[in-house]
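# Summary of structural features
As a plain string of letters, each chain reads:
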Amino acid sequence: AHFAKELHRGQLRAAAPWEERPPYIVHPLRNAIRGIRWGSRKPEVILAALLHDTVEDSSEKYCKDRGIPYESEHHAREILLKRIRKDYGARVAEIVLKLSNPIQDPEEKAKLTVAEKHEIYVGHVAESIEDDHDVLFAKLLDLFDNGAGLYHSAYPGREAQIKKQATKYLLTMPVFRTELSKRPFKDPTVRRNVFNGIVRIEERLNALL
């Protein structure tokens, strides 16, 4: 948690204009706490929930803060993943890597339609969670906080942005259902909370559309 806080220092979560933006670390902390409440007893999953955005958001910051030379964002990600692997284990690093969105060329990304961007995102989620319940669980924690909590950012003037985000998150739900239909969680508490989490995400997102 301290390492994640250090890596996310200076980053803020979104908030309504009349509210103070909270530090970004509250998001991974909520994910980790929710993971424990949902019944996870795997330290590597909770660690990955705490670190899930560090590689994607803070790799270059990590290198700059320590004076570590790097050639590209991809190289910086490799350096931080190596540190995570060394301190927290190969499985934690693997889960974090799968939870990190791939690097996209800004010019190529700008050419994509909204539908194409959504398709790429959903495809990445499907590939990441396939046959990997640890990643599925950690990703669902992330989507619960970002998706089920999206209504906090649904203030006047953001209707188009909220609709786009809600649509993107909703498109991932069938992917989770398909994967879980193939191989449900064995632990009944986890299985129940994962299912309820999907239902709640869907309900809250549909209410925004």
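Structure first, text after, so check above.
In this report, we go over the structure that sits alongside the text. (Residues numbered from 1 in each chain as written. Predicted model: local features only at pLDDT ≥ 70, side-chain atom pairs only at ≥ 80, totals over all residues. Heavy atoms only, no water.)

### Quick look at helix α2 (residues 26–37)
When the terminal C-alpha atoms of α2 are compared, their 16 Å separation across 12 residues agrees well with the 16 Å that a helix rising 1.5 Å per residue should span. Within α2, burial applies to His27, Pro28, Asn31, Ala32, Arg34 and Gly35. Down the axis of α2, the smallest arc covering the buried residues is 165°, so these residues share one side. Looking at the buried residues of α2, the elements they touch are α3 (43–51) and α9 (133–148). (Helix = DSSP H or I, 4+ residues; strand = E, 2+ residues; numbered from the N terminus. Expected span 1.5 Å × (residues − 1). Buried < 20%, exposed > 50% of the residue type's maximum accessible area, 1.4 Å probe, protein only. Arc of directions from axis to C-beta. Contact = heavy atoms within 4.5 Å.)

### Looking at the packing of α2 against α3
Helix packing for two helices is described by the angle between their axes and how far apart those axes are. At a closest axis distance of 7 Å, the pairing of α2 and α3 adopts a crossing angle of 160°. With respect to α3, the axis of α2 lies roughly antiparallel. When you trace α2 past α3, the crossing you get is right-handed. Residues Pro28, Leu29, Asn31, Ala32, Gly35 and Ile36 of α2 form the contact with α3, whose participating residues are Ile46, Ala49 and Leu50. The residue makeup of the contact of α2 with α3, split by class, is seven nonpolar, two polar and no charged. (Axes fitted to C-alpha atoms, helices over the stretch in contact; angles between N-to-C directions. Parallel < 35°, antiparallel > 145°, perpendicular 65-115°, else oblique. Left-handed = near helix turned anticlockwise from the far one by under 90°. Nonpolar A, V, L, I, M, F, W, Y, C, P; charged D, E, K, R; others polar.)

### So, the environment of His118
Assignment of secondary structure puts His118 in helix α8 (residues 114–129). Along the primary structure His118 and Pro17 are separated by 101 residues, whereas in three dimensions their C-alpha atoms are 27 Å apart. Contact partners of His118, with chain neighbours within four places excluded, come to Lys164, Thr167, Lys168 and Leu171.

### Points about unusual backbone geometry
A positive phi angle, close to 55°, is found at Asp131, a residue other than glycine. Note on Asp131: relative accessible area 53%, which makes it exposed.

Geometric values such as these leave the question of function open.
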